[in-house]
Amino acid sequence: RPCSFLRFFEVMHAGRAMVLRSSVMLACCSAWASGALRDLGQLLPSGGVLKINLSSVPFGSFGFNTFGINGQVPGPSVRVKAGEVVKLELANGLSASDGIPCTEALSFCDCMYTNVHLHGLHLSSRGVYDGLTFEGDDITVRLSAGEKVMYQHTIPESHMPGTHWYHPHHHHATALQAGGGAAGFFIVEDPPEYLPKVYMDMPELHWFISTHNLGALQQMADQAKTTTLRNAQTIAAGKGLSVNPTLVNGEMMPTADLPSNTWHRVRIVFASIEQSLRLVVDSSSGGTCTLRLLAKDGIYLDTIPRDISAIYLFPGARADIAWSCTCATYPCTAVVKSIPVAGGGGGNGNGNGGANGGGLAAIGNVDLTESDIMTLNIVDGGVATPAELPVFSPARPCYLADVRQVSVAGSGALGLQTGQGTFKVTWDGEGQSMTEANIRASGGEMRKWPAMASWNTGSVYEVDVTGINAHPLHFHVNPFQIVGMPLESYGDGYFKVGDFHDTLLLTDVTGADRVKIRMNADRFTGQMFVHCHILAHEDMGMMNLIDLVGTEGSTFPDTSTCFNAAFNPATDKGASFSQGITSHARKVRHAAPLLFALLAAAAALSRTDMEQ
């Protein structure tokens with residue numbers, strides 16, 4: 001592929017990257033063009049409609065095809081604003097004869113059908129099945145080869161800005177299609193004045209990082225009888241290429257040019273069938289970088305920024321990082337790399353697949369060895385030191401209000417369970433694996449799958465989760481808040497009680513440990529799917545659903561600490577702690593500013609006592 005170098009301050013960058021052993025580095029790099037981060041491009045509407053086409057596309061120059069969007073891996077980026085009505089037309093560009101229909105004996109099949117899921121967005125799942133004239137975020141949609149379907153999503157006007165992604169989610173074909181590369185950024189933009197100026201003015205870098213276990217993909221393609229990804233591992237190995245490459249923006253081991261002492265906002269999406277990364281910066285080549293966490297899963301932390309030593313990525317995870325680098329002598333380089341987790345955090349997998357591509361037998365048991373991801377070329381930016389980042393608490397929409405102290409409408413225990421060849425999500429110990437055989441026994445289609453629980457909109461529910469040490473838990477429709485863990489934090493502070501996620505893996509807890517989460521079942525009725533985001537496990541049945549019932553549009557009743565309409569900078573400002581307790585507007589939103597006020601009052605009383 002042709003590569004072009006981008007200017008320092010371009011908003012979008014792109015590139016190539018991989019996780020592989022040094023012995024195959026040169027061979028692998030020859031399979032993809034070398035150069036700067038590749039610009040993924042932005043998908044713009046045509047006649048008011050965003051158009052995406054899922055089809056079979058070349059996997060670089062490896063010599064086989066994978067699944068892609070609009071002819072590329074990953075697909076183009078989408079940017080929207082809160083309150084926007086997004087019309088999206090999906091075309092299925094696959095061949096109807098390239099694959100076999102599902103039978104009760106198969107887990108990977110139906111790969112000639114597809115749909116699209118907007119991962120992480122707070123959206124309705126209701127669509128044509130529910131009497132509408134368009135589809136919502138409904139993963140039961142079954143789009144045949146050669147056909148098109150129209151989705152329409154009304155982004156809530158109070159939706160928090162953030163980094164999300166889109167990918168196909170047709171059951172039994174999700175791992176092949178999304179794990180093969182058919183995915184892309186879906187960004188909800190920050191409204192004006194949502195953050196302090198230094199954050200709003202950061203130039204953006206977009207890193208869509210993906211790992212591709214060619215052994216697993218080949219075995220799934222063999223079962224599905226599709227030519228796409230068939231013999232992927234065999235062909236790569238025969239050419240001396242990595243059978244477990246990691247890509248950044250569809251390229252291997254890219255370079256990115258960064259001016260020194262300049263904060264960049266790095267938006268990261270991590271897509272993988274089953275592998276996880278722990279990203280750090282190797283400074284041995286002279287470049288040193290400072291990382292500050294702003295958001296996870298497209299949701300701002302309660303207080304930004306957070307000092308971090310590593311970035312924990314597991315299937316479906318996203319991270320927004322304030323990133324600044326410098327040199328002792330210019331120019332210099334720094335290498336972004338993945339290293340194994342040593343007793344800390346949220347994402348090393350649990351085992352031994354590594355750079356060899358372990359196949360289906362190793363899915364869920366993959367632990368990446370030390371491996372380079374990309375190179376940062378750092379040049380003198382003409383700035384002596386990076387700007388100070390103010391400590392700030394962003395205003396929160398009510399679906400993301402802190403619910404740790406509120407009354408709950410109900411509770412239960414959710415288990416991510418495996419054993420005796422079955423993969424399932426249970427509720428209070430009950431639940432079937434969503435296999436093709438069980439789907440047919442429950443009415444013949446996913447839409448008729450019996451819900452494991454029923455929740456009322458506008459209410460808060462508490463869930464004790466087990467199995468989250470080995471299986472990334474993902475909810476559709478609504479995000480959730482961590483309200484209890486065995487320890488207050490993991491991953492050197494990367495994961496803390498009070499944080500919000502829509503996808504979560506905590507490898508430092510045990511399989512028996514309970515992680516307590518709470519969810520505000522906000523606004524939307526309909527089906528809410530929950531599953532393991534090891535995509536092969538999901539296809540093998542580790543998925544279930546909760547019925548959201550009650551009144552459509554019901555919301556969190558206490559709006560004193562949050563906003564339910566469009567963000568208004570005059571009334572919905574966050575708290576800027578570095579400037580005392582200013583920028584509070586009309587809402588006392590957080591405990592910290594109140595604490596500061598109490599301390600100030602106590603100090604004043606103390607002075608009065610001494611004077612007397």
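As a convention, each chain's residues are numbered from 1 in the sequence order in which they are written. Totals for whole chains, interfaces and linings use all residues, but because this is a predicted model, local features are given only for residues with pLDDT of at least 70 and pairs of side-chain atoms are given and counted only at 80 or more. To obtain the side-chain values, all non-hydrogen atoms of the structure were included, while hydrogens and water were left out.

Novice: How should I be thinking about the overall build of the protein chain in this particular structure?
Specialist: Helix and strand assignments follow DSSP, with helices taken as H or I runs no shorter than four residues and strands as E runs no shorter than two, numbered in order from the N terminus. Scanning the protein chain from terminus to terminus reveals 8 helices and 35 strands. Residue burial is assigned from relative accessible area. The probe radius is 1.4 Å, only protein chains are included, and a residue is buried under 20% of its type maximum, exposed over 50%, and partly exposed in between. Scored against the burial criterion, the 612 residues of the protein chain give a buried share of 61%. Taking the intrachain contacts of the protein chain between residues at least 6 apart in sequence as the baseline, contacts between residues at least 24 apart amount to 79%. Every accessible area reported is derived by Shrake-Rupley at a probe size of 1.4 Å, with residue values counting cover from the shown protein chains alone. Accessible surface, the protein chain as shown: approximately 21,100 Å² in total, 51% of it carbon and sulfur. Contact definition: two residues touch when any of their heavy atoms are within 4.5 Å.

Novice: How should I be thinking about the pattern of salt bridges in this particular structure?
Specialist: Working definition: two side chains of opposite charge can pair if their charged atoms are close together. For salt bridges, the criterion is a side-chain nitrogen of Lys or Arg within 4 Å of an Asp or Glu carboxyl oxygen. Under the counting rule described, the total for this entry stands at 27 salt bridges. In this structure, Asp-110 engages Arg-142 in a salt bridge whose closest nitrogen and oxygen atoms are separated by 2.8 Å. A residue pair is termed long-range when its members are at least 10 positions apart, and Asp-110 in the loop between strand E4 (85-92) and strand E5 (117-119) and Arg-142 in the loop between E5 and strand E6 (148-154) qualify at 32 residues. Judged by its relative accessible area of 5%, Asp-110 is buried. Across the salt bridge formed by Lys-516 and Glu-462, the nearest N and O atoms sit 3.5 Å from each other. In this pair, Lys-516 is assigned in strand E32 (residues 515-521) and Glu-462 in strand E25 (residues 459-466), connecting sequence segments 54 residues apart.

Novice: Help me understand the sheet that holds strand E24 (residues 453-456) in this model?
Specialist: One key point about sheets: their strands pair by backbone hydrogen bonds, in either a parallel or an antiparallel sense. At least two DSSP bridges between two strands are needed for those strands to be called paired. Taken in spatial order, the 5 strands of this open sheet run E24-E34-E33-E26-E31, and their pairing is mixed. One side of each edge strand has no neighbouring strand; the edge strands of this open sheet are E24 and strand E31 (503-504). As judged from the 4 bridges shared by E24 and strand E34 (residues 543-549), these two strands associate in the parallel manner. Bridge pairing in E34 places Ala-453 opposite Ile-546.

Novice: Is there a simple way to think about the sheet that holds strand E22 (residues 410-419) in this case?
Specialist: Within the open sheet, the 6 strands sit side by side as E23-E22-E25-E32-E27-E30. Their pairing is mixed. Two strands bound the open sheet, and with one partner strand each, they are strand E23 (422-427) and strand E30 (500-501). In the sheet, strand E27 (residues 480-484) pairs with E32 via 3 bridges, with the strands oriented antiparallel. Counted as the bridge partner of Gly-484 is Lys-516 from E32.

Novice: Would you mind showing me how to read helix H4 (residues 214-224) here?
Specialist: An α-helical turn contains 3.6 residues, so a residue and the one three or four places further along point in the same direction. In terms of burial, H4 is largely enclosed, as 8 of its 11 residues are buried. Contacts made by the buried residues of H4 are with helix H2 (174-180), helix H5 (232-238) and helix H7 (535-539). Just downstream of H4, Lys-225 is the residue with a positive phi angle, here 60 degrees.

Novice: Help me understand the state of the cysteines in this model?
Specialist: Note on terminology: a disulfide is the covalent bond linking the sulfur atoms of two cysteines. Cysteine sulfurs are considered disulfide-paired once they come within 2.5 Å of each other. Under the defined criterion, the tally for this structure stands at 4 disulfides. Between the sulfur of Cys-102 and that of Cys-109 lies a disulfide, 2.0 Å long from S to S. The S-S bond linking Cys-102 to Cys-109 shows a torsion near 90 degrees; that makes this disulfide right-handed. Note on Cys-109: relative accessible area 0%, which makes it buried. Of note for the protein chain: the bonded cysteines, numbered N- to C-terminal, pair according to 1-2, 3-4, 5-6, 7-8. Sulfur of Cys-111: no disulfide; nearest cysteine sulfur belongs to Cys-109 and is 8.3 Å away.

Novice: For this particular structure, what's the right way to read the nonpolar core?
Specialist: One recurring pattern in soluble globular proteins: nonpolar side chains tend to sit buried together. Buried residues of nine kinds, namely Ala, Val, Leu, Ile, Met, Phe, Trp, Tyr and Cys, make up a nonpolar core once their side-chain atoms join them within 4.5 Å. Grouped together as the largest cluster of nonpolar side chains are 95 residues, with contacts concentrated most on Trp-207, Ile-311, Trp-323 and Leu-414. A total of 6 residues in this core trace back to one element, the largest contributor, which is strand E18 (residues 318-327). Residues Ile-155, Ala-178, Val-188 and Met-252 belong to the second largest nonpolar core, which totals 50 residues.

Novice: Would you mind going over the environment of Phe-59 with me for this structure?
Specialist: Structurally, Phe-59 is set in the loop between strand E1 (50-58) and strand E2 (65-69). A C-alpha to C-alpha distance of 8.8 Å links Phe-59 and Gly-181, two positions 122 residues apart in sequence.

Novice: Before we go on, may I ask you to explain the pairing of E2 in this structure?
Specialist: Each regular strand shows side chains that alternate between the opposite faces of the sheet. Most of E2 is tucked away: 4 of the 5 residues are buried. Here E1 pairs with E2 via 5 bridges, running antiparallel. Bridge assignment links Leu-54 to a residue of E2, and that residue is Ile-69.

Novice: I would appreciate a short explanation of the environment of Thr-154 in the present structure.
Specialist: Checked against the element boundaries, Thr-154 lands in strand E6. Accessibility expressed as a relative area gives 47% for Thr-154, which makes it partly exposed. Not counting residues up to four positions away in its chain, the partners in contact with Thr-154 are Glu-84, Val-85 and Leu-123.

Novice: How do you make sense of the pairing of E1 when you look at a structure like this?
Specialist: Both E1 and E4 contribute to a ladder of 5 bridges, which runs parallel. Counterpart to Asn-53 in the pairing with E4 is Ala-91.

Novice: How should I be thinking about unusual backbone geometry in this particular structure?
Specialist: Glycine aside, residues mostly have negative phi angles, and peptide bonds mostly take the trans form. For the bond from Val-73 to Pro-74, the omega torsion is -10 degrees, close enough to zero to count as cis. Secondary-structure assignment places Pro-74 in the loop between E2 and strand E3 (78-80). Residue Pro-331 follows Tyr-330 across a cis peptide bond; omega there is -10 degrees. Structurally, the position occupied by Pro-331 is in the loop between E18 and strand E19 (332-338). Of note, the phi angle at Asp-492 is positive, near 55 degrees, even though the residue is not glycine.

Novice: Would you explain the side chain of Asn-261 in this entry?
Specialist: Within the element layout of this structure, Asn-261 appears in the loop between strand E11 (255-259) and strand E12 (264-271). Take Asn-261: its relative accessible area is 9%, and that puts it in the buried class. Under the rule applied, a polar contact is a pair of N or O atoms within 3.5 Å (in protein, one hydrogen donor and one hydrogen acceptor; residues adjacent in sequence only if both atoms are side-chain atoms). In terms of polar contacts, Asn-261 uses its side chain to reach the backbone carbonyl oxygen of Ala-384, at 3.1 Å. When near neighbours in sequence (up to four residues on either side) are disregarded, Asn-261 contacts Ser-324, Cys-325, Thr-326, Tyr-330, Val-383, Ala-384, Thr-385 and Pro-386.

Novice: What is the right way to read the confidence of the model for the protein chain from this model?
Specialist: Segments scoring low in pLDDT should not have their predicted coordinates read at a detailed level. For every residue, the predictor assigns a confidence score, pLDDT, that lies between 0 and 100. Per-chain confidence: the protein chain averages 87 in pLDDT, with 83% of residues scoring 70 or above. Confidence drops under a pLDDT of 50 for residues 1-30, and excluding neighbours within four residues, the segment shows 115 contacts in the predicted structure.

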